[in-house]
Amino acid sequence: MATDTHAAAGHAAEAASAPGMPQLDFSNWGNQIFWLLVTLVVIYFVLSRIALPRIAAVLAERQGTITNDIAAAEELKAKAAEAEEAYNKALVDARAEAQRIVAEAKAEIQADLDAATAKADAEIAAKAAESEKAIAEIRAGAIDSIREVAADTAKEIVSALGGKADAKAVEAAVDTRMKG
Amino acid sequence: MASEAHGAEEGGLVFHPMDQFIVKPLFGGDAIGMFTITNVTLWMALAVVAVVALMVFGTSSRKIVPGRGQSIAELAYGFVYKMVEDVAGKDAVKFFPYIMTLFMFIVFANFLGLLPMSFTTTSHFAVTVVLALLVFLTVTIVGFVKNGLGFLGLFWVSSAPLALRPILAIIELISYFVRPVSHSIRLAGNVMAGHAVIKVFAGFAAIAVVSPVSVVAITAMYGLEVLVAFIQAYVFTILTCVYLKDALHPSH
């Protein structure tokens, strides 16, 4: 290798296609180094003056946009949660209100019902009492009539049979019969 | 290299795997002076054009929702920025443009070098040695400016037994000065070897019997080289970050 490279360095100048490493032909190192330094300086200035600040700005801007968007989304989410809470609260309130109204109506109706029932009961009781009285009257009237009829009939029967009808005795007999 | 030359002699094949690395003046003449415009100049200029196209024109619309070009530019930015921040620490961020420059140049030089008939600037030790020396000098100067003589604590392994420390210090010192060597040869060596191997396979393609194998091999090598082109740029950059971390925080 060592002899090879030495030979290459020596021959490269005279024969361009001589076997060996053109890399070890030191005669053109100056040229390469000069152009390399020029290249590096140009790339350095292009990058550090234009490209890198621009990309950094774009990245920062994007980061900012993302952060803002996330914050906005969070805010909207909080608002949505708030709205939902309000809705739920309204729902609960409405339900309680409805229940209260229902209970109130129920109580009112119950009261009306109770009053009506009581009134009806009283009327019924009054009517019943009246009827009982009437019935008792009728019954009493009927018994008297029966006794009269029975006594008359008995007198007629006794007289028809040829007996002498003792009014008092007949009436007493009718009474005993009716009681028995 | 020797075996390739032998192959050329024995089989009658024409192998010039290293011809692609020859530096030539673009506008005639044989002499290459300091300022001669050569194929090196051309391909470095193309790298600059590519960097400007991606990083400046690609991002010119500054969209909140990026397009294709802007996405790639932002990806490159984020990739290197995160590397600097994670590996070298938060206070290394002010070196970010410098490291970004190295990364963008190497990655574009590597990929442009993969174009057929192109010239790969990063396959030359002249280029990678300068890149590595720039990193080495930067790191050393930053180390001494930031930490004063405390930077020498990098070589004094305080966690080791006292008797071992002088020996370790010598080893650390040697490894420190070997850094630019390995740093530069790794990059140029990888790129050069891959390109040379592709050329060798291409030479075999002249024989009809083996040409299908050769074409498949070229395709496979090319795929590998695409990986190597990115990985070597990444390795160079991350090692720069590691060295920078040593300079900013020399204590072990």
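Residues numbered from 1 in each chain as written. Chains lettered and ligands numbered in written order. Predicted model: local features only at pLDDT ≥ 70, side-chain atom pairs only at ≥ 80, totals over all residues. Heavy atoms only, no water.

Chain B is annotated in an unreviewed UniProt entry as ATP synthase subunit a from Cognatishimia maritima. Listed in UniProt under the heading Sequence similarities (unreviewed entry), the comment for chain B reads: "Belongs to the ATPase A chain family." (UniProt positions renumbered as here; feature names shortened; annotations may be inferred.)

You'll find chain A entered in an unreviewed UniProt entry as ATP synthase subunit b, with Cognatishimia maritima given as the organism. Quoted verbatim from the Sequence similarities (unreviewed entry) field of UniProt, the annotation for chain A is "Belongs to the ATPase B chain family."

Trainee: Can you break down the overall build of chain A residue by residue, with the values?
Mentor: Across its full length, chain A carries three helices and zero strands. Shown N-terminal to C-terminal, the secondary structure of chain A runs as helices and strands in the order α-α-α. For chain A, with 180 residues in total, the buried portion stands at 16%. (Helix = DSSP H or I, 4+ residues; strand = E, 2+ residues; numbered from the N terminus. Buried < 20%, exposed > 50% of the residue type's maximum accessible area, 1.4 Å probe, protein only.)

Trainee: Describe the overall build of chain B, naming the residues involved and giving the relevant values.
Mentor: When you go through chain B residue by residue, the secondary structure sums to seven helices and zero strands. In sequence order, chain B lays out its α and β elements as α-α-α-α-α-α-α. Projected onto its principal axes, the C-alpha coordinates of chain B cover approximately 65 × 55 × 40 Å. Evaluated residue by residue, chain B yields a buried proportion of 46% over its 252 residues. Expressed as a percentage of contacts within chain B between residues at least 6 apart in sequence, the contacts between residues at least 24 apart total 67%. With the model as given, the accessible surface of chain B reaches about 12200 Å², and the carbon-plus-sulfur share is 74%. On chain B, the mean spot of the 13 positive side-chain charges and the mean spot of the 12 negative ones are 14 Å from each other. (Contact = heavy atoms within 4.5 Å. Areas by Shrake-Rupley, 256 points an atom, 1.4 Å probe, with all protein chains shown as cover. Lys, Arg positive; Asp, Glu negative; His and termini not counted. Charge placed at Lys NZ, Arg CZ, Asp CG, Glu CD.)

Trainee: Lay out the side chain of T240 of chain B in plain terms, naming residues and giving numbers.
Mentor: Position of T240 of chain B among the secondary structure elements: in helix α7 (residues 211-248). Here T240 of chain B is in contact with I99, L102, V135 and H183 of chain B, once residues within four sequence places are set aside.

Trainee: Now, about unusual backbone geometry: what can you tell me, with residues and values included?
Mentor: All names here are of chain B. Look at R62: it is not a glycine, yet its phi comes out positive at around 45 degrees. Note on placement: R62 falls in the loop between α2 (39-57) and α3 (68-88). Given the relative accessible area of 45%, R62 is considered partly exposed. Notably, M117 is not glycine yet its phi reads approximately 70 degrees, a positive angle.

Trainee: Give me the lowdown on the confidence of the model for chain A, citing residues and values where you can.
Mentor: Residues and elements named next belong to chain A. Summary statistics for chain A give a mean pLDDT of 85 and a share of 88% for residues scoring 70 or more. Predicted confidence in chain A is weakest over helix α1 (residues 2-11), with a mean pLDDT of 43, and strongest over helix α2 (residues 29-160), with 92. Note on residues 1-18: pLDDT is under 50 here. Beyond four places in sequence and across chains, it has 15 contacts. (pLDDT = per-residue confidence, 0-100.)

Trainee: Pulling in residues and values, what's your account of the packing of aromatic side chains?
Mentor: Each aromatic ring pair is specified by the distance between its two centres and by the angle formed by the two planes. Residues and elements named next belong to chain B. Across all of its chains, the model carries 17 aromatic pairs over all chains by this definition. Centre to centre, the rings of F136 and F177 are 5.7 Å apart; their planes meet at 55 degrees, and the pair counts as tilted. On the criterion of sequence distance, the pair formed by F136 in helix α5 (residues 125-147) and F177 in helix α6 (residues 165-204) is long-range, its members being 41 residues apart. Consider the rings of F155 and Y176, whose centres lie 5.3 Å apart with planes at 90 degrees: the pair is edge-to-face. Residue F155 is found in the loop between α5 and α6, and its partner Y176 is found in helix α6; the two are separated by 21 residues along the sequence. As far as burial versus exposure is concerned, F155 and Y176 are alike and both buried. Among the aromatic residues, those joined into a ring-pair cluster are F136, F144, F151, F155, Y176 and F177. (Phe/Tyr/Trp six-rings, centres within 6.5 Å; stacked < 30°, edge-to-face > 60°.)

Trainee: An account of the interface of chain B and chain A is needed here, citing residue identities and associated values.
Mentor: At the junction of the two partners, chain B supplies 49 residues and chain A supplies 38 residues. Taken as a group, I64, Y77 and T101 of chain B account for 15% of the area that chain B buries against chain A, more than any other trio of residues on that side. Counting across the interface, chain B meets chain A through one salt bridge. The partner of R62 of chain A in a salt bridge is E74 of chain B, with the nearest N and O atoms 2.8 Å apart. Counting the contacts that link chain B with chain A gives twelve residue pairs in polar contact (both at pLDDT 80 or more). Elements with a contribution of two residues or more to the side of chain B that touches chain A: α2, α3, α4 (96-113) and α5 of chain B. With eight residues, the top contributor of residues to the side of chain B that touches chain A is α2 of chain B. Broken down by class, the residue content of the side of chain B that touches chain A amounts to 34 nonpolar, eleven polar and four charged. (Buried area = accessible area lost by both parts, 1.4 Å probe. Salt bridge = Lys/Arg side-chain N within 4 Å of Asp/Glu carboxyl O. Polar contact = N/O pair within 3.5 Å; in protein donor to acceptor, adjacent residues only side chain to side chain. Nonpolar A, V, L, I, M, F, W, Y, C, P; charged D, E, K, R; others polar.)

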